[in-house]
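Next come the chains, spelled out residue by residue.
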Amino acid sequence: MSRIGKKPVALPSGVTADIKGQTVEVKGPKGTRSFTATDLVSLELEDGAVKVTPVNKTKVARQQWGMTRTMVANLVTGVSDGFKKELEIQGVGYRAQIQGNTLKLALGYSHDVNFDVPAGITVTCPKQTEIIVEGIDQQLVGQVAANIREWRGPEPYKGKGIRYKGEFIFRKEGKKK
């Protein structure tokens with residue numbers, strides 16, 4: 001038995017779900033998202049909650065059971081609350097600013113890095129050293145944050161670079177003289 005899969009996904013107020021075949025469409029205050037499940041699980045809507053059950057007892061069906069339930073839960077969370085990743089920039093002269101739909105990053109290169117923000121994602125810079133990535137798609141929010149971090153990942157000697165807020169960077173000692 002899947003401990004995750006057997007819990008039904010409760011729909012908060014203001015969120016509605018519609019099941020057509022193997023596709024779940026969830027509408028909420030922040031937008032609409034959908035997910036198509038495999039044929040190894042069945043989806044049903046009962047008592048204001050989406051319930052996922054496996055079709056048979058095979059290993060693959062049980063794996064899809066828990067994964068499908070989590071995907072539906074992520075849809076509900078996305079359209080009701082949204083997802084957010086916070087990045088912080090450390091380093092002398094390193095800064096970020098948003099201009100229209102482009103994030104301009106000064107990261108110690110000979111040129112500024114221009115990062116085009118994809119549709120469905122909101123990027124804000126409350127301070128020059130903070131970047132907040134928000135959206136309703138958890139995978140896309142995480143991917144955009146990872147792409148921004150990739151431009152200058154944190155290095156272990158001085159800790160300079162772009163890191164997730166609260167991320168621990170293992171620090172190394174430099175050369176001894």
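Look above for the structure.
The rules behind these values
Residues numbered from 1 in each chain as written. Predicted model: local features only at pLDDT ≥ 70, side-chain atom pairs only at ≥ 80, totals over all residues. Heavy atoms only, no water. Buried < 20%, exposed > 50% of the residue type's maximum accessible area, 1.4 Å probe, protein only. Helix = DSSP H or I, 4+ residues; strand = E, 2+ residues; numbered from the N terminus. Pairing = 2+ DSSP bridges. Contact = heavy atoms within 4.5 Å. Salt bridge = Lys/Arg side-chain N within 4 Å of Asp/Glu carboxyl O. Polar contact = N/O pair within 3.5 Å; in protein donor to acceptor, adjacent residues only side chain to side chain. Core = buried A, V, L, I, M, F, W, Y, C linked by side-chain atoms within 4.5 Å.

Engineer: Could you give an account of the pairing of strand β10 (residues 113–116), with specific residues and numbers?
Structural biologist: Residues of β10 alternate between two faces, with Val113 and Phe115 buried on one and Asn114 and Asp116 left unburied on the opposite face. Counting the residues between successive antiparallel strands, the hairpin from strand β9 (residues 102–106) to β10 contains six residues, one of them, Gly108, with a positive phi of roughly 85°.

Engineer: Before we move on, can you summarise the environment of Val26 with the specific residues and values?
Structural biologist: Relative to the elements of secondary structure, Val26 occurs in strand β3 (residues 23–28). According to the relative accessible area criterion, Val26 is buried, its value standing at 0%. It is 7.4 Å that separates the C-alpha atoms of Val26 and Val79, two residues lying 53 residues apart in sequence. With residues up to four places along the chain from it excluded, the contact list for Val26 reads Val15, Thr16, Ala17, Gly31, Thr32, Arg33, Leu75, Val76 and Val79.

Engineer: How would you summarise the pattern of salt bridges if you had to cite specific residues and measurements?
Structural biologist: Using the criterion set out here, one finds eight salt bridges in the structure. A salt bridge links Lys165 to Glu86, with the shortest nitrogen-to-oxygen separation between them at 3.4 Å. Of this pair, Lys165 sits in the segment after β13 (161–164) while Glu86 sits in strand β7 (residues 83–90); the two residues are 79 residues apart in sequence, bridging distant segments of the chain. Its relative accessible area of 47% is what places Lys165 among the partly exposed residues. Glu86 gets classed as partly exposed once you look at its relative accessible area, which sits at 27%. The partner of Glu130 in a salt bridge is Lys127, and the shortest N-O contact between them spans 3.4 Å. Within the structure, one salt-bridge network assembled from shared partners comprises Lys84, Glu86 and Lys165.

Engineer: Let's hear about the side chain of Arg163: which residues, and what values?
Structural biologist: In this fold, Arg163 is placed in strand β13. A distance of 3.0 Å separates the side chain of Arg163 from the side chain of Gln90, its partner in a polar contact. Aside from chain neighbours lying at most four places away, what touches Arg163 is Glu86, Leu87, Glu88, Gln90, Arg149, Pro154 and Ile169.

Engineer: So, the nonpolar core: which residues are in play, and what are the values?
Structural biologist: In summary, soluble globular proteins display a tendency toward joint burial of nonpolar side chains. Ranked by internal contacts, the top residues of the largest apolar core, which has 21 residues, are Leu103, Leu105, Ile131, Val133 and Ile148. Going through the elements one at a time, β7, β9, β10, β11 (121–124), β12 (130–135) and α2 (138–150) are the ones with two or more residues in this core. Ranked by residues supplied to this core, first place goes to α2 with four residues. Apart from residues lying up to four places away in sequence, Leu103 is in contact with Ala96, Gln97, Ile98, Val113, Asn114, Phe115, Val117, Val123, Cys125, Ile131 and Ile148. Within the second largest apolar cluster, 18 residues are counted, among which are Val9, Val50, Trp65 and Val79.

Engineer: Account for the sheet that holds strand β6 (residues 49–54), naming residues and giving values.
Structural biologist: The strand order across the open sheet formed by three strands is β1-β6-β5, and the pairing between neighbours is antiparallel. With partners counted over all chains shown, the strands left at the sheet margins are β1 (9–10) and β5 (41–46), one partner each. Examined bridge by bridge, β1 and β6 share two bridges and lie antiparallel to one another. If you follow Val9 over to β6, its bridge partner there is Val50.

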